[in-house]
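# Structural description and commentary
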Amino acid sequence: MATSSNATVANKQVILRDYVTGFPKESDLIFTDSTIDLKIPEGSKTVLVKNLYLSCDPYMRIRMGKPDPGTAALAPHYIPREPIYGFSVSKVIDSGHPDYKKGDLLWGLVGWGEYSLITPDFSHYKIQHTDVPLSYYTGLLGMPGMTAYAGFYEICSPKKGETVFVSAASGAVGQLVGQFAKIMGCYVVGSAGSNEKVDLLKNKFGFDDAFNYKAEPDLNAALKRCFPEGIDIYFENVGGKMLDAVLLNMKLHGRIAVCGMISQYNLEDQEGVHNLANVIYKRIRIKGFVVSDYFDKHLKFLDFVLPYIREGKITYVEDVVEGLENGPSALLGLFHGKNVGKQLIVVARE
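Basis of the calculations
- Residues numbered from 1 in each chain as written.
- Predicted model: local features only at pLDDT ≥ 70, side-chain atom pairs only at ≥ 80, totals over all residues.
- Heavy atoms only, no water.
- Helix = DSSP H or I, 4+ residues; strand = E, 2+ residues; numbered from the N terminus.
- Contact = heavy atoms within 4.5 Å.
- Areas by Shrake-Rupley, 256 points an atom, 1.4 Å probe, with all protein chains shown as cover.
- Lys, Arg positive; Asp, Glu negative; His and termini not counted.
- Charge placed at Lys NZ, Arg CZ, Asp CG, Glu CD.
- Domains from an automatic or database assignment.
- Buried area = accessible area lost by both parts, 1.4 Å probe.
- Polar contact = N/O pair within 3.5 Å; in protein donor to acceptor, adjacent residues only side chain to side chain.
- Buried < 20%, exposed > 50% of the residue type's maximum accessible area, 1.4 Å probe, protein only.
- Salt bridge = Lys/Arg side-chain N within 4 Å of Asp/Glu carboxyl O.
- Core = buried A, V, L, I, M, F, W, Y, C linked by side-chain atoms within 4.5 Å.
- Pairing = 2+ DSSP bridges.
- Right-handed = clockwise from strand over helix to strand, strands pointing away.
- Axes fitted to C-alpha atoms, helices over the stretch in contact; angles between N-to-C directions.
- Parallel < 35°, antiparallel > 145°, perpendicular 65-115°, else oblique.
- Nonpolar A, V, L, I, M, F, W, Y, C, P; charged D, E, K, R; others polar.

## Quick notes on the overall build of the protein
Looking only at helices and strands, the protein has ten helices and 15 strands in total. Across the protein, contacts joining residues at least 24 apart in sequence account for 69% of those joining residues at least 6 apart. When the accessible surface of the protein is split by element, carbon and sulfur atoms take 52% of a total near 15200 Å². A distance of 3 Å separates the average location of the 37 positive side-chain charges in the protein from that of its 39 negative side-chain charges.

## Section: the domain arrangement of the protein
According to the domain assignment, the protein contains domain 1 (8-139 + 317-346) and domain 2 (143-292). Here the C-alpha centre of domain 2 lies 28 Å away from the C-alpha centre of domain 1. Surface buried jointly by domain 1 and domain 2 totals about 1700 Å² across both partners, of which 66% is contributed by carbon and sulfur atoms. The tally of links from domain 1 across to domain 2 stands at five residue pairs in polar contact (both at pLDDT 80 or more).

## So, the environment of I40
Here I40 is to be found in the loop between β2 (29-37) and β3 (47-55). Judged by its relative accessible area of 1%, I40 is buried. For the pair I40 and R61, spaced 21 residues apart in sequence, the C-alpha to C-alpha distance is 32 Å.

## Looking at the side chain of R255
Structurally, R255 can be placed in strand β12 (residues 250-258). Every residue in contact with R255, bar those within four places of it in the chain, is listed here: C156, S157, P158, K159, E162, D232, I233, Y234, M250 and R285.

## What about the environment of W112?
Its place among the elements puts W112 in the loop between β5 (105-111) and β6 (115-118). Residue class for W112 comes out buried when judged on its relative accessible area of 0%. In the structure, W112 is positioned 24 residues away from S88 in sequence and 8.6 Å away in space, judged by C-alpha atoms.

## Some thoughts on the side chain of Q13
Relative to the elements of secondary structure, Q13 occurs in strand β1 (residues 8-16). Every residue in contact with Q13, bar those within four places of it in the chain, is listed here: I30, F31, T32, S34, P83, W112, G113 and L324.

## Comments concerning the pattern of salt bridges
Taken as a whole and assessed by the stated rule, the structure comprises 14 salt bridges. In this structure, the salt-bridge partner of K241 is E271, at a minimum N-O distance of 3.0 Å. Linking K241 in helix α7 (residues 240-249) with E271 in the loop between β12 and α8 (277-281), this pair joins segments that are 30 residues apart in sequence. For E322, the salt bridge goes to R349, with nearest N and O atoms at 2.4 Å. With E322 in strand β14 (residues 318-322) and R349 in the segment after β15 (342-346), the pair connects residues that are 27 residues apart, well separated along the chain. Judged by relative accessible area, which is 43%, E322 ranks as partly exposed. Ionic contacts of the salt-bridge type, sharing partners, join the residues K101, D104 and K126 into one network.

## Things to note about the nonpolar core
I84, W107, W112, L140, L141, F180 and L331 are the most contacted members of the largest nonpolar core, which totals 89 residues. The leading source of residues in this core is helix α3 (residues 143-155), at eight residues. Two domains each provide a minimum of three residues to this core, namely domain 1 (8-139 + 317-346) and domain 2 (143-292). Residues F211, Y234, L247 and V258 belong to the second largest nonpolar core, which totals 20 residues.

## Regarding the pairing of β12
Taken together, the five bridges between strand β11 (residues 231-236) and β12 define a ladder with parallel strand orientation. Opposite E236, over in β12, you have V258 as the bridge partner. Assessed by its sense of winding, the connection that carries the chain from β11 through α7 to β12 is right-handed. Pairing geometry for β12 and strand β13 (residues 285-288), over four bridges, is parallel. By the bridge assignment for β13, R255 is matched with R285.

## Structural notes on the packing of α3 against helix α9 (residues 298-310)
Orientation of α3 relative to α9, taken along the N-to-C sense of each, is 90 degrees, at an axis distance of 11 Å. Regarding the angle of α3 to α9, the classification is roughly perpendicular. The residues of α9 that touch α3, namely those facing G145, M146, Y149, Y153 and E154, are H298, K300, F301 and F304. Split into classes, the residues belonging to the contact of α3 with α9 amount to five nonpolar, two polar and two charged.

Okay, here's the thing in structure tokens:
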């Protein structure tokens, strides 16, 4: 039910100054003041939410660029001078929608601000399980968790004893893929961009091995060292030189799930891949995917992952930044490898 109050409150937001080329800068994202009415207009089916946690994700960089038919297939581009948007955990303040009432918690796409007005669709989900940290719905139980689950199980069809390589393995998605693979009884290796992250992979997430790609002069040699018999499954998050090296080390009938290519997002001229003939020679199956293609499996995913969380069999590391005003620097830090684990922003704690 809509509230009877017609109070108008301040609403800080983050807007895109203009379309971005190359590496985005903090000046491309403007922290601004606006206002919002706390009453939903009579007859409207919109929902007013207070944002608690905002998710920082690499795909958001693609949305900052000029509209392009290729990238538009992933998601609509941001509009200059309007708030950027991404996944959030939010609390309903007022609702004209029959499926949501005041006090409900949800996760889904919202504009970056203290408050957002949304029209619920397939990208919004009511939070039913609150015995786990709410922030997990920006990562482990939200879009990144669904990405790891869909890419690994639905696309890669893993089998016990197979060899699995994960790039950007300490990030929001990679840390989960590695743990899912270990649950399956696979041999798992991850790559990351610092010795601290490598230590995290081996000692916290249970990877069998890991390496710092920045310290490896020859990625092909590094992969051969870790996978002397080759790679069955590669979970692709970075692209570029890493993908080139992986193709040389895949086994016959290997599978590659492609959910991200963060090394390429800020390049005006993307790097070429030179070893694609191996796709033929080794009968490799490569499939790109977008997580929204698998949102219909959300309940199945929760049934799978929640017991592991409650039993302490899955670990999840978050990189938490306090305050919406620090959101731009946290988001842009993703493209320089500054985050350790899932990057999120605390806007409010209910």
